[in-house]
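# Structural overview
Listed below are the residues making up each chain.
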Amino acid sequence: MAKYLFQVSYTASGTGGLLKEGGTSRRSMIEQVIKKLGGSVEAFYYAFGDVEVFVIADLPNDATAAAFSLTVSSRGTVTIKTTPLISPETIDEATKIDVGYHPAGS
């Protein structure tokens, strides 16, 4: 399973839907959708500012995360930014890979 951070901002029509349905209703919907995709929601929070919802979810792979993100944003009620999250253990693995890169002129 891979972990993703979804940062969601509501459009005017999305905010209207949120006012009508409530916050817990939207959380339940997202949990159901993520579960249907074979994943789980680790965290779901509302916030003030440019980003109004933060979701951390486990999903099977990048294609599934992209399908979720594309489908949600295609409805026009939100904009969504998807960020893959990398574990410290994966960074440890990455530091051991010899990439063979050197800066120009060195």
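Everything below is about the structure shown above.
The following paragraphs examine the structure supplied in this document. (Residues numbered from 1 in each chain as written. Predicted model: local features only at pLDDT ≥ 70, side-chain atom pairs only at ≥ 80, totals over all residues. Heavy atoms only, no water.)

### Side note on the overall build of the chain
- Counting its secondary structure elements, the chain contains four helices and four strands.
- Secondary structure elements of the chain, listed N to C terminal, follow the sequence β-α-α-β-β-α-β-α.
- Computed over C-alpha atoms, the radius of gyration of the chain comes to 17 Å, more than 25% over the 13 Å expected from 2.2 N^0.38 for 106 residues, which places it beyond the range of a compact globule.
- In terms of its C-alpha atoms, the chain occupies a principal-axis envelope of roughly 60 × 30 × 20 Å.
- By residue count, 24% of the 106 residues in the chain fall in the buried class.
- Each charge class in the chain was averaged separately, 9 positive and 11 negative side chains, and the resulting centres sit 12 Å apart. (Helix = DSSP H or I, 4+ residues; strand = E, 2+ residues; numbered from the N terminus. Rg over C-alpha atoms; globule rule 2.2 N^0.38 Å. Buried < 20%, exposed > 50% of the residue type's maximum accessible area, 1.4 Å probe, protein only. Lys, Arg positive; Asp, Glu negative; His and termini not counted. Charge placed at Lys NZ, Arg CZ, Asp CG, Glu CD.)

### Overview of the nonpolar core
- Counting residues in hydrophobic clusters, the biggest one holds 15 residues, and the most contacted among them are F6, I34, V53, V55, L59 and F68.
- Mapped by element, the contributors of at least two residues to this core are β1 (2-10), α2 (23-36), β3 (53-59), α3 (62-74) and β4 (78-85).
- Every residue in contact with F6, bar those within four places of it in the chain, is listed here: V53, F54, V55, A57, L59, A65, F68, S69, I80, K81 and T82. (Core = buried A, V, L, I, M, F, W, Y, C linked by side-chain atoms within 4.5 Å. Contact = heavy atoms within 4.5 Å.)

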